[in-house]
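Here are the chains, one letter per residue:
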Amino acid sequence: MTTITAKINKWNPDPEIISKAAEILNSGGLVAFPTETVYGLGANALDSEAVRKIYLAKGRPSDNPLILHVSSYEQAEDLVFMNDTAKFLIQKFWPAPLTLVLKAKSIIPLTTRGGLDTAAIRMPDNPIALALIEKSKIPIAAPSANLSGRPSPTDFESVFNDMNGKIEMIIDGGETETGIESTVIDVTNPEKILMLRPGGMSREIIEETLNTELKIPDSFSKKRSPGTRYRHYAPNIPVIIWKKNTKFPDVKNFAYMGINDVENVECENKILFDDVKNYAHGLFSGFRKFECEKSSCIIVEWPQDNSGISEGLRDRISRAAEK
Ligand code: TXA
Ligand code: MG
């Protein structure tokens with residue numbers, strides 16, 4: 001298959017490109033597009049044949065449900081059963097890197113929700129993504145646009161490397177902002193809201209807004225969020241975690257990423273970030289850069305502070321480092 005690629009200005013998305021992409025989605029094809037977190041691999045969420053193609057292109061286990069991307073509250077209401085907590089969070093935050101799991105309406109095919117009776121929805125904070133959803137007039141099912149298990153793509157080149165020849169179109173909207181995926185919370189039971197995946201929106205801000213603690217899912221709920229079961233986000237060279245003030249790993253030809261510089265160790269392949277926000281923004285593109293440069297491994301600093309995006313960043317780092 002020939003993959004069409006089109007560069008587009010985020011602040012003034014070319015209507016012709018958006019129309020072309022919407023046409024592809026409406027005829028059951030796949031389009032990769034930027035969101036504020038990572039690039040998504042989109043299909044018509046209500047067309048189970050189209051959604052099946054996502055699983056095929058990614059090599060993704062088909063019991064891992066997808067997020068439905070919407071551009072309005074009304075569109076979300078057609079898909080899931082709302083409750084007051086969900087409504088409140090949506091009013092307060094959307095568009096945002098905040099995905100809500102709610103009871104699904106039967107209009108959502110089982111393929112899209114991995115056979116579950118719930119579904120995940122979110123409104124992405126990116127003008128290209130919103131224009132595409134609006135133009136196509138359908139909810140767009142989209143996982144990250146990487147091959148299953150690989151680091152999520154945060155720029156056009158990463159999507160192209162993984163998806164060229166496998167999908168109909170890739171929209172190049174430049175680098176994504178957040179760099180790691182959305183936070184996923186289960187709000188089906190407002191008395192017990194579950195943190196299923198930490199991500200772009202911090203736990204503190206959600207807890208403060210709701211004036212309640214987000215709970216850790218038990219093993220039953222974990223089973224219901226299958227994405228957390230699989231190895232993820234890993235480059236094809238080993239990732240080793242280093243904590244500041246501990247002995248630095250004794251390896252040769254390594255690459256390094258972190259906030260604090262490494263002292264008394266030779267390292268040419270290094271990316272230093274100003275803070276956790278920048279670290280999250282650059283983590284996945286750093287993984288992809290260093291695997292191309294043939295480093296023996298990537299040593300990553302463990303972010304120690306407890307604020308903002310740190311929890312999501314630690315989650316991605318620890319899963320990339322899993323053997
Ligand atoms: O930022 C993001 O969330 C990106 C962009 C493209 O929007 N998307 C993304 O999708 O990361 P994906 O498919 O890589 O991750 C979706 C996560 C998985 O962990 C999946 O298990 C969980 O959401 N999920 C989806 N539907 C669910 C449901 N009904 N119940 C529990 N977890 C669900
Ligand atoms: Mg993913």
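Everything that follows concerns the structure shown earlier in this document.
So, here is what we can say about the structure in this document. (Residues numbered from 1 in each chain as written. Chains lettered and ligands numbered in written order. Predicted model: local features only at pLDDT ≥ 70, side-chain atom pairs only at ≥ 80, totals over all residues. Heavy atoms only, no water.)

Attention shifts here to the nonpolar core. One finds Leu41, Leu89, Trp94, Leu98, Leu100, Ile121 and Ile185 to be the most contacted residues of the largest nonpolar core, which totals 48 residues. Of all the secondary structure elements, the ones that give two or more residues to this core are strand E3 (39–44), helix H2 (48–58), helix H4 (84–93), strand E5 (98–103), strand E6 (118–122), helix H6 (156–163) and helix H7 (203–210). The next biggest cluster of nonpolar side chains, apart from the first, holds 23 residues, and it includes Ile180, Ala280, Phe290 and Ile298. (Core = buried A, V, L, I, M, F, W, Y, C linked by side-chain atoms within 4.5 Å. Buried < 20%, exposed > 50% of the residue type's maximum accessible area, 1.4 Å probe, protein only. Helix = DSSP H or I, 4+ residues; strand = E, 2+ residues; numbered from the N terminus.)

To continue, consider the sheet that holds strand E12 (residues 255–258). Taking strand neighbours across the sheet as the criterion, the four strands line up as E11-E14-E12-E13 in an open arrangement whose pairing is parallel. With partners counted over all chains shown, the strands left at the sheet margins are strand E11 (239–242) and strand E13 (269–272), one partner each. Averaged over all pairs of adjacent strands, the angle between strand axes in this sheet comes to 20°, irrespective of strand direction. Strand direction decides the pairing type here: E12 and E13, joined by four bridges, are parallel. Paired with Tyr256 across the two strands is Lys270, which belongs to E13. Its contacts with the sheet place helix H9 (residues 276–292) against E11, E12, E13 and strand E14 (298–301), and it is angled at close to 170° to E12. Helix H10 (residues 310–321) rests against E11 and E14 of the sheet, and its axis sits at about 130° to E11. (Pairing = 2+ DSSP bridges. Axes fitted to C-alpha atoms, helices over the stretch in contact; angles between N-to-C directions. Contact = heavy atoms within 4.5 Å.)

Within the sequence span of H2, burial applies to Ala50, Val51, Ile54, Tyr55, Ala57 and Lys58. Of the surrounding secondary structure, the elements contacted by the buried residues of H2 are E3, strand E7 (140–141) and H6. Put simply, Asp47 is the residue that caps the front of H2, since its side-chain oxygen is 3.0 Å from the backbone nitrogen of Glu49. Phi turns positive one or two residues past the end of H2, at Gly59, with a value near 70°. (Polar contact = N/O pair within 3.5 Å; in protein donor to acceptor, adjacent residues only side chain to side chain.)

Tallying each qualifying case throughout the model produces seven aromatic pairs. Centre to centre, the rings of Phe156 and Phe160 are 5.7 Å apart; their planes meet at 35°, and the pair counts as tilted. Here Phe156 pairs with Phe160, and both are found in helix H6, just four residues apart, close to one helical turn. Relative to Tyr256, the ring of Phe248 lies with its centre 6.1 Å away and its plane at 55°, an arrangement referred to as tilted. Each member of the pair, Phe248 as well as Tyr256, carries the same accessibility label: buried. Through successive ring pairs, a cluster of aromatic residues spans Trp242, Phe248, Phe254 and Tyr256. (Phe/Tyr/Trp six-rings, centres within 6.5 Å; stacked < 30°, edge-to-face > 60°.)

Note that every value here comes from positions in space, so none of it alone points to a role or purpose.
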